[in-house]
Amino acid sequence: MLNTMPRAILGTIIALSLSACGQTELEQVEAVKPSQETALEQIWPVLDIEVKKDAEIEAFVAKMLSEMTLEQKLGQMIQPEIRDITVEDMRKYGFGSFLNGGGAYPNNNKQSTPQDWIDLAEAMYQASIDDSLDGSSIPTIWGTDAVHGHNNVVGATLFPHNIGLGAANDPDLIERIAHATAKEVLATGIDWIFAPTVAVVRNDRWGRTYEGYSEDPDIVRAYSAAIVHGLQGRAGENFLAEDKVLSTVKHFVGDGGTQDGVDQGNNTSSEEELFRIHAQGYVGGLTAGSQSVMASFNRWQGDKIHGSEYLLNQVLKERMGFDGFVVGDWNGHGQVAGCANESCPQAINAGLDIFMAPTQSWRALFDNTLQQIKDGIIPMSRIDDAVTRILRVKARAGIFDRPSPAKRAFSGKMELIGHPDHRAVAREAVRKSLVLLKNNNVLPLNPTANILVAGDAAHNIGKQSGGWTITWQGTNNTNDDFPGGSSIYDGIKASVDTAGGNVTLSADGSFTDKPDVAIVVFGEEPYAEGVGDRPSVEYQPGNKTDLAILKRLKAQGIPVVSIFISGRAMWVNPELNASDAFVAAWLPGSEGNGVADVIMAKADGSVNYDFHGKLSYSWPKTPDQIVNVGDADYDPLLPYGFGLRYGDENVLTAMLDELDIDTSANASNMIYNRAVVSPWNLALVSNGTANSVMSNTVNLPNVNYRTYDRNVQEDSFQLTFTGNGPSAVLFNTANAVDLANVATDMALSMEVNVVKQPDGPVYLGMNCLSDTNCKAQVDINQVLSTLPLDTWGNVSVATSCFTKAGIDLTQITNVFALSTANSANIILSDIGFKAPSEQTMTCE
């Protein structure tokens, strides 16, 4: 029988058997050398997918398709975003699906209740089945990025991000997490999740590293199947039952292997490497029956995946046998050569079945695509194939038979949001994800001791949860946004209070009574895709404020335990040297008390929970090291699979090499670079009141704000000044920042697109802490009026304009204030301090 199998499948079977002998995935594939067939047959397997075609469903879909108009078919293939459509749009166009992007909420309200989500789901559903305008009664479905729990909803359980789950290496746990997530999503009336992410990350500088389980495809393949089973159920058992949701394996393919770790960049892997390393999550997830695949932003060997007929059609659909639908990523079709957000027949012809089309571009996209079908640019056979796939998935999911979202079995069960059982699973995941890198006989800590808890991440649930947490980038959150959650400090305090010890919280590490031990919780600020890309994996380059706290405590003879919050393995040699114990806690999510479960002993000093986690990413030896298990010159600081348990001999005994680093603060020259740059906060002023921007759409009486796609997703923002009174946009901070090094003799620069010319003065200003008169502003309306409408241009003002007016660059509290009392509509991007140009305003 084996002799009759395609060699790719035979190779997979042999590799799986070799796995039992302890060989890595890299070694397994080298052991199998298929004969020289075409690359397609030689490399890519035919999958034995659990979910088989059903004759009854196929007949149902074929009949429905035969009765649909062209416009109805195209409506199934357009997926707009909730900020860009109305219920009337849904009634008119009959969209097959819609989504909420990260940081988008019903009524543009971050604090939207679960009932608000249900109300929107119900309204859109009812409009979709109303055939009064479009003649269609096909139900729509709602897709959401629930990537570590139902992370857009306040009060939901937030699980550790994937990097931490990879360290746990527990597929059963992953399946339970997926099932809990499905139930919380269903409680809000949503039926489709954009997960799992199955990127195999090969360069930790990538800003989405934490979305990958591991640098090794073995874990990713196993986890992908587990998550799909947890979300969708198993074929023949509970497949897409009422407690299940549709899953999406993403992003096909190679997103974790771009050159230099650049988001949406170019993957230059050979085709064999593309399959062996980057496609294993699809082997696992598609075999388990995932019903949708999301195309990736990245290129493969120079070509955008959204336009790759070879990968989307020949490989994924024809060879691997995937019969669900392929959805695009956020206007990803617009990045294909020759395409725009409003027009891309190339993507549909390549095998994309659904355009993900946020922003108002969906309107032109619908009209242009309709004409392209009529003109024969897109064959009708391709449209019929796409719509057949969409309807097939809806039929399998029971969408045609289920009640409306508000009447489904789990809808409205508010107790499911943050349910204690779900939080218990999340807490277990936190315990299992922790990796002990160093322990000089300090851990576990006796809770009867006098303990100091320091660091700005100690009592900050938003920071410990990372990106994709209520907001897209995970920023602008407070502990009040996590009802029912716990910070890492909360867990430590509970342990100490129960045992009768003493605990003090002090973010800066100061104290009155010398503690027996200090726990310092610190790490990366939250970020999501693009914004999180880094030039190296050094922690706090040029700004080692956390190291200063560790050293200060160490110098006073206090044992230091470091709890490191991060979305990637990082070069932290100085911090390791300054610590007696060091725990990689990754991004644990809303159940920070799981950390205390492990690092705190029982009252009698015995171990409560031992460490379980092992590195699923190799830990770097230098800031610029790119290192992955299986490399020919593999030489990390700590290897893949490393993780101490209590009683293990410490490995990091000697002082590690440190670079010659200036630990004084060195502020970034950027203020807004695809997102707000720390330490600045973004606020809008209307009627004299400052309002922090907590979502991607804010409407106030005098000014409206919305994120905008310039080059990539939400890399800019649009301001509409109504002219009803004074208003402004501010980038400020509570504590003064020294910008002398980056701003002296420079220019405050921004990229600007003027949509509507201001009809009066527009001021650009700065403020500082020295006194109430430390402020200055410059009218830039004359410069704005010279820019052509709807075209990007640069506006910059020499910082000398501000310093001559009394601004002290060493004490800046408000680095950028754009204000007007007049009407205007402008889009801003790339705000920061740059070298002056010939066009820079000099105020002379």
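Above this text you will find the structure in question.
The paragraphs below set out a description of the structure included in this document. (Residues numbered from 1 in each chain as written. Predicted model: local features only at pLDDT ≥ 70, side-chain atom pairs only at ≥ 80, totals over all residues. Heavy atoms only, no water.)

**Points about empty space enclosed by the protein**
Using the following cut-off: A 1.4 Å probe that fits into a set of points on a 1 Å grid over the protein atoms alone but cannot get out defines a cavity; an open set with protein on both sides within 12 Å along at least five of seven lines defines a pocket, and lining residues are those with an atom within 4 Å of a point. Grid points are joined across faces, edges and corners, and a volume is the space filled by probe spheres set on the points. Residue polarity is assigned by list, with Asp, Glu, Lys and Arg as charged and Ala, Val, Leu, Ile, Met, Phe, Trp, Tyr, Cys and Pro as nonpolar; anything else, Gly included, falls into the polar class. Under the DSSP-based scheme used, a helix requires at least four consecutive residues in state H or I and a strand at least two consecutive residues in state E, with every element numbered from the N terminus.
Counted under the stated rule, the structure contains 8 cavities of 30 Å³ or more. Within this model, the largest cavity holds a volume of roughly 270 Å³. Lining the largest cavity are 20 residues, with Gln473, Thr475, Asn476, Tyr705 and Thr707 sitting closest to its centre. Residues that form the lining of the largest cavity fall into these classes: 9 nonpolar, 9 polar and 2 charged. Of the voids in this model, the second largest cavity is the one considered here, and its volume is about 180 Å³. Where the lining of the second largest cavity is concerned, the elements lending two or more residues are α8 (162-168), α9 (171-186) and α10 (217-232). The greatest single-element share of the lining of the second largest cavity, amounting to 4 residues, is contributed by α9. In the lining of the second largest cavity, the residues fall into 14 nonpolar, 5 polar and no charged.

**A closer look at the sheet that holds strand β13 (residues 450-454)**
Just so we agree on the cut-off: Strands are labelled as partners when DSSP assigns at least two bridges between them. The convention used is that axes are lines fitted to C-alpha atoms, helices contributing only their stretch in contact, and that angles between N-to-C directions extend from 0 to 180 degrees. The criterion used for residue contact is that any of the two residues' heavy atoms lie within 4.5 Å.
Overall, mixed pairing links the 6 strands, which are arranged β12-β17-β16-β15-β13-β14 in an open sheet. Of all strands in the sheet, those with a lone pairing partner are β12 (435-439) and β14 (502-505), marking the two edges. Recorded for the sheet is a direction-independent mean angle of 20° between the axes of neighbouring strands. Relative to strand β17 (residues 581-586), strand β16 (residues 560-565) runs parallel, the two sharing 5 bridges. From the neighbouring strand, Ile563 faces β17, where its bridge partner is Val583. Helix α19 (residues 488-499) rests against β13, β14, β15 (517-523) and β16 of the sheet, and its axis sits at about 160° to β14. Set on the sheet, helix α20 (residues 545-555) makes contact with β13, β15 and β16; between it and β15 the angle comes to about 170°.

**Looking at the state of the cysteines**
What counts, and what does not: Here, the term disulfide refers to a pair of cysteine sulfur atoms separated by no more than 2.5 Å.
One pass over the structure, following the stated rule, counts 3 disulfides. A disulfide bridge connects Cys339 with Cys344, and the sulfur atoms are separated by 2.1 Å. Handedness here is read from the sign of the S-S torsion; for Cys339 and Cys344, about 65°, the answer is right-handed. Here Cys801 pairs with Cys843 through a disulfide, and the sulfurs are 1.9 Å apart. Classification of the bridge connecting Cys801 and Cys843 rests on its S-S torsion, roughly 110°, and on that basis the disulfide is right-handed. Of this pair, Cys801 sits in helix α25 (residues 800-803) while Cys843 sits in the segment after β30 (823-834), placing them 42 residues apart in sequence. Sequence-ordered numbering of the bonded cysteines in the protein yields a pairing of 1-2, 3-4, 5-6.

**Notes on the environment of Asp508**
The condition that has to hold: Each residue gets one of three labels from its accessible area relative to the maximum for its type: buried under 20%, exposed over 50%, partly exposed in between, using a 1.4 Å probe on protein chains only. Polar contacts, as used here, are pairs of N or O atoms within 3.5 Å; protein pairs need one atom able to donate a hydrogen and one able to accept it. Residues neighboring in sequence count only if both atoms are side-chain atoms.
As for its placement among the helices and strands, Asp508 is situated in the loop between β14 and β15. Judged by its relative accessible area of 43%, Asp508 falls in the partly exposed class. Sequence separation between Asp508 and Gly455 is 53 residues, and the spatial gap between their C-alpha atoms is 6.1 Å. Within polar-contact distance, the side chain of Asp508 engages the side chain of Ser506 at 2.9 Å. A polar side-chain atom of Asp508 sits 2.7 Å from a polar atom in the side chain of Ser510.

**Describing the pattern of salt bridges**
Close approach of charged atoms lets side chains of opposite charge pair. To keep it simple, the criterion reads: One side-chain nitrogen of Lys or Arg within 4 Å of one carboxyl oxygen of Asp or Glu is enough to make a salt bridge.
Evaluation of the coordinates by the stated rule reveals 42 salt bridges. Through salt bridges with shared partners, a single ionic network connects Asp170, Asp172, Arg176, Glu428 and Lys432.

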